[in-house]
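Each chain, letter by letter, is given below.
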Amino acid sequence: MKFYASLRTALPLMIMVAGPASAYAADYPARAIRLIVSQQAGGGTDNLARMWAENVGKTLNVPVVVENRPGAGGSIAVSATLAQPADGYTLFMAGVSQMVLNKFVYKPLAYSPEKDFDGVAMLTTVPFVLVASPKSSLDSYEALKQAAAANPEKVTFASSGNGNSTHLVIEMLMKQAGFKMLHIPFRGEPDGVMATVGGTTEIMAPVLSTALPLIKEGKLKPLLVFNSSRVAELPDVRTAAEVGVSGLENIGWSGIAAKKGTPPEAIAKLNAATQKFLQDPAVKEKLAATQAIPMPSVPADLMKYTAQDTAKWQQAIGDLKLTVN
């Protein structure tokens, strides 16, 4: 009898605890969702974000609005995300730069990827490609290496910003190959790419999804791909490993993160919608055209990749003695 009396006492409390979560699960999402992106409009990251927003918005039957907040290595976008409630209505387009690389570059870093975010889903991984301006005389990796070795810091390279993955992949290339170029950081990938197309800078390493259309139009010259194998769209372009540079394969990935404390019910719905997005035949066709590889996942995988790549990059970036204050 005591057991049943205790149960009668506990049931209202159990219902109170379970009730709000169940109601939230049923109601979410009840209004528009905002996805904050740390890159400018028009780049590969932004294009992927807009594909995801359109597709997931249809699945969840609410608008998903992309908001670009470029600058400061992604910290502006992170701050904008973390300033909002942890309710699943403000999400962050997370990449390896914001979740991993910034920890070693920005001292101090204004946020903690592990403490401030919950994983929602992985999206894609995509190779980087080393490209030269069509206005440059640099037509091969060997020509670049020779020119940069003969005149240190005379050859210029663009990036999406100090400490961004487009910056660090070239820093690691130069370290292994033994030459030095002059770094010119831009506010985002589109600005850096356009500077290279126009000849303001001579070299860049954008993601392949951004560079490929321009390569096909003759507006950028591909020198190397940072991938485990040659890519189908550029069969004559060697991998970095083929010229003796290792460890830079498949380093770029992206995913969706939410502010720490976001209800698991919201995260579960967003993850399910993302898996549907990645399996959509039209989406798969678009991703394949830019060599972007879908990454099916559960929510915990984003933080798993964050931890894995933190260990991978810690020594490499430390060896560069590169910090941005």
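The structure we're discussing is the one just above.
Visitor: Sorry, what's going on with the nonpolar core here?
Guide: Within soluble globular proteins, side chains that are nonpolar generally end up buried alongside one another. Membership of the largest hydrophobic core comes to 98 residues, with the highest contact counts inside it found for Trp52, Leu130, Met181 and Ile203. Considering every element that reaches this core, the biggest residue donor is helix H7 (residues 165–177), with seven residues.

Visitor: How do you make sense of the environment of Gln308 when you look at a structure like this?
Guide: Along the chain, Gln308 falls in helix H12 (residues 301–320). Separated by 208 residues in the primary sequence, Gln308 and Val100 have C-alpha atoms spaced 9.3 Å apart.

Visitor: Quick question: what am I supposed to make of the pattern of salt bridges here?
Guide: Close approach of charged atoms allows side chains with opposite charge to pair. Going through the model one piece at a time under the given rule, you end up with 14 salt bridges. Here Asp87 makes a salt bridge to Arg31, at a shortest N to O gap of 3.2 Å. With Asp87 in the loop between helix H3 (75–82) and strand E3 (90–95) and Arg31 in the loop between helix H1 (2–27) and strand E1 (33–37), the pair connects residues that are 56 residues apart, well separated along the chain. Taking relative accessible area as the criterion, Asp87 reaches 17% and is therefore assigned buried. Lys304 is the salt-bridge partner of Asp301, the closest N and O atoms lying 3.5 Å from each other. Here Lys304 and Asp301 lie together in helix H12, a separation of three residues that amounts to about one turn. Overall, the relative accessible area of 54% leaves Lys304 in the exposed class.

Visitor: It is not clear to me how unusual backbone geometry should be interpreted in this structure. Could you clarify?
Guide: For residues that are not glycine, phi is negative in most cases, and the peptide bond is trans in most cases. Across the junction of Tyr28 and Pro29, the peptide omega takes the value -10°, indicating a cis bond. Put simply, Lys107 and Pro108 share a cis peptide bond, and its omega is -5°. In this structure, Pro108 sits in the loop between helix H4 (96–105) and helix H5 (113–116). Phi is positive for Asn61, which is not a glycine, with a value near 65°. With respect to the helices and strands, Asn61 occurs in the loop between helix H2 (44–60) and strand E2 (64–68). Although it is not a glycine, Glu153 adopts a positive phi angle of roughly 65°. Tracing the sequence through the fold places Glu153 in the loop between helix H6 (141–150) and strand E6 (156–159). With relative accessibility at 40%, the residue Glu153 sits in the partly exposed group.

Calculation notes
- Residues numbered from 1 in each chain as written.
- Predicted model: local features only at pLDDT ≥ 70, side-chain atom pairs only at ≥ 80, totals over all residues.
- Heavy atoms only, no water.
- Core = buried A, V, L, I, M, F, W, Y, C linked by side-chain atoms within 4.5 Å.
- Buried < 20%, exposed > 50% of the residue type's maximum accessible area, 1.4 Å probe, protein only.
- Helix = DSSP H or I, 4+ residues; strand = E, 2+ residues; numbered from the N terminus.
- Salt bridge = Lys/Arg side-chain N within 4 Å of Asp/Glu carboxyl O.

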